[in-house]
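# Working through the structure, step by step
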Amino acid sequence: MRIRLIPSLGAAAVAVVVVSLLAAPAAAQSSARTAWGDPDIQGPWDFRTITPLERPEELAEQEFLSEEEAARREQEVVNRNEELLNRAARRTTATESVDRGEEGAPGFYNNFWLDQGTTTVATRRTSLIVDPPNGRLPEMTAEGAERTAARRAYLAEHPADSYTDRTPYDRCILGFNAGPPITPGGYNQILQVFQTPDHVALVTEMVHTVRVVPLDGRPTLPDHMRQWSGESRGYWEGDTLVIETTNFSEDRRWRGTTPDMTLVERLTRIDDGTLDYTFTVNAPNTWSRPWTASIPMRLSEEPMYEYACHEGNYSMPGILGGHRRDEERAAAGQP
C-alpha cells in the first residue's frame, strides 16, 4: 500500500435529477475557460469530508448543521486522531501480540494511515445524499434485499474459496472510493481532471483508475461488452459536464447493484476553488427509486501521488492460503 502522507490532524440510463436543487447558480459559477472555450474543470480535486453519505438517523429531518455543530464535529475528529496517534501500544492476547489497529482491531490499518479529512462539506449538509429528502438511501427492493442476503450468507461460509470471492477492491481492480460514482472514504481521495475538445479524462488517486469520457456523441458499446467502470459518454449542458454511464460489469456489484445500474454524473466548477460533483444512481433491481448525492470538491494544493495497491498484487496468496489453513484446522477439529 502506498498512500499520501498528508497529516489529517490539521485544519448521477438517465435518472431524473431535480436540477433546481443541485445546480449552482450561474452567477456563482467560475468564468474559467479552456483555450477552445469549454468550462475549465481541470485540476486535482480533493473530495475528503467527514460528512457521511447518509444522514444519521438521530438527525431525523435536520438537513443542515449549524456553524457550532459543524465546528464541534470537526474538533471531535481532530481530537480522536490525536488520541489514536499518541496512544500507547496495547497487548491484547496471551501471546503478547501488539495491537495498534483501528478501534483495537488487529490486522486493520492504523488510524495514522487513514486520511478522511477533518471538515464537513462547505454547505454543512448532514449527508451527501440530497435526494431522497431524508438524506438516506432508498429502501431496497425485495430482489435487492434477497440478493444481498444471499451474497452475505455465501461469503460467511466461503470467504475465500477463490480470488473471485474477494472484492474488486481486495483484488486491486478498483479503488473503493474511486467509483464511478466517486464516494469519499479511507484515503487517497483526489480526482484529477484533464480536458481536450473531444474528451475528458478522470483519474482517481485510488488504484490510479483512468476513465476516458468521449464528448463527440459516439454510440456506446454493445450490451455484451461490459467494463468494471462502465461505459461513459459525456456532453456539456451549459457550464456543467454531464456524464452518462452504462454497461457495468456483472462482477462489480457496487453496493450490491447489478449490471442494470445506470449513472448520471454532473461536474460544475462553482468558483476557482470548488468543483461540484453530483451523481444520480438508478438501479431498479436494487433500490426502490433513484437517489442523488452531491459532493463539493476542493482544489488541492497537493499533487496527485503515486498509489500502488499491494493487497491484490502481493497478498492474495496469503489471503487464500490462510483460509486453506483454517479449513484444515476445522477438518481436524482444531479451534
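Below or above, wherever it landed, is the structure these notes cover. (Residues numbered from 1 in each chain as written. Predicted model: local features only at pLDDT ≥ 70, side-chain atom pairs only at ≥ 80, totals over all residues. Heavy atoms only, no water.)

## Topic: the state of the cysteines
With the rule as written, the count across this model stands at one disulfide. Each sulfur in the disulfide pair Cys 172 and Cys 309 lies 2.0 Å from the other. Disulfide Cys 172-Cys 309: torsion about the S-S bond near -70°, hence left-handed. Of this pair, Cys 172 sits in the loop between α3 (142-157) and β5 (190-195) while Cys 309 sits in the loop between β12 (291-299) and α4 (310-331), placing them 137 residues apart in sequence. Of the two residues examined, Cys 172 and Cys 309, each falls in the buried class. (Disulfide = S-S within 2.5 Å. Helix = DSSP H or I, 4+ residues; strand = E, 2+ residues; numbered from the N terminus. Buried < 20%, exposed > 50% of the residue type's maximum accessible area, 1.4 Å probe, protein only.)

## Description of the packing of aromatic side chains
The final tally for this structure, using the stated rule, is seven aromatic pairs. Here the aromatic rings of Trp 254 and Trp 287 are separated by 6.5 Å at their centres, their planes lie at 70°, and the arrangement is edge-to-face. Of this pair, Trp 254 sits in the loop between β9 (240-246) and β10 (262-271) while Trp 287 sits in the loop between β11 (274-282) and β12, placing them 33 residues apart in sequence. The pair formed by Trp 254 and Trp 287 is uniform in burial state, with each residue classed as buried. With a centroid separation of 5.6 Å and an interplanar angle of 75°, the aromatic rings of Phe 279 and Trp 291 are classed as edge-to-face. In this pair, Phe 279 is assigned in strand β11 and Trp 291 in strand β12, connecting sequence segments twelve residues apart. (Phe/Tyr/Trp six-rings, centres within 6.5 Å; stacked < 30°, edge-to-face > 60°.)

## Focus: unusual backbone geometry
The linkage connecting Asp 131 with the following residue, Pro 132, adopts the cis geometry, with an omega of 10°. Structurally, Pro 132 can be placed in the loop between β4 (129-131) and α3. Cis geometry marks the peptide bond from Gly 179 to Pro 180, where omega comes out at 5°. Secondary-structure assignment places Pro 180 in the loop between α3 and β5. For Ala 60, which is not glycine, the phi torsion reads 50° and is therefore positive. Assignment of secondary structure puts Ala 60 in the loop between β1 (43-46) and α2 (67-86). On the basis of relative accessibility, which here comes to 43%, the residue Ala 60 falls in the partly exposed class. Here Val 207, not a glycine, exhibits a phi torsion of approximately 65°, which is positive. Among the secondary structure elements, Val 207 is positioned in the loop between β6 (199-204) and β7 (210-214).

All quantities given are derived from atomic positions and should not be read as evidence of function.
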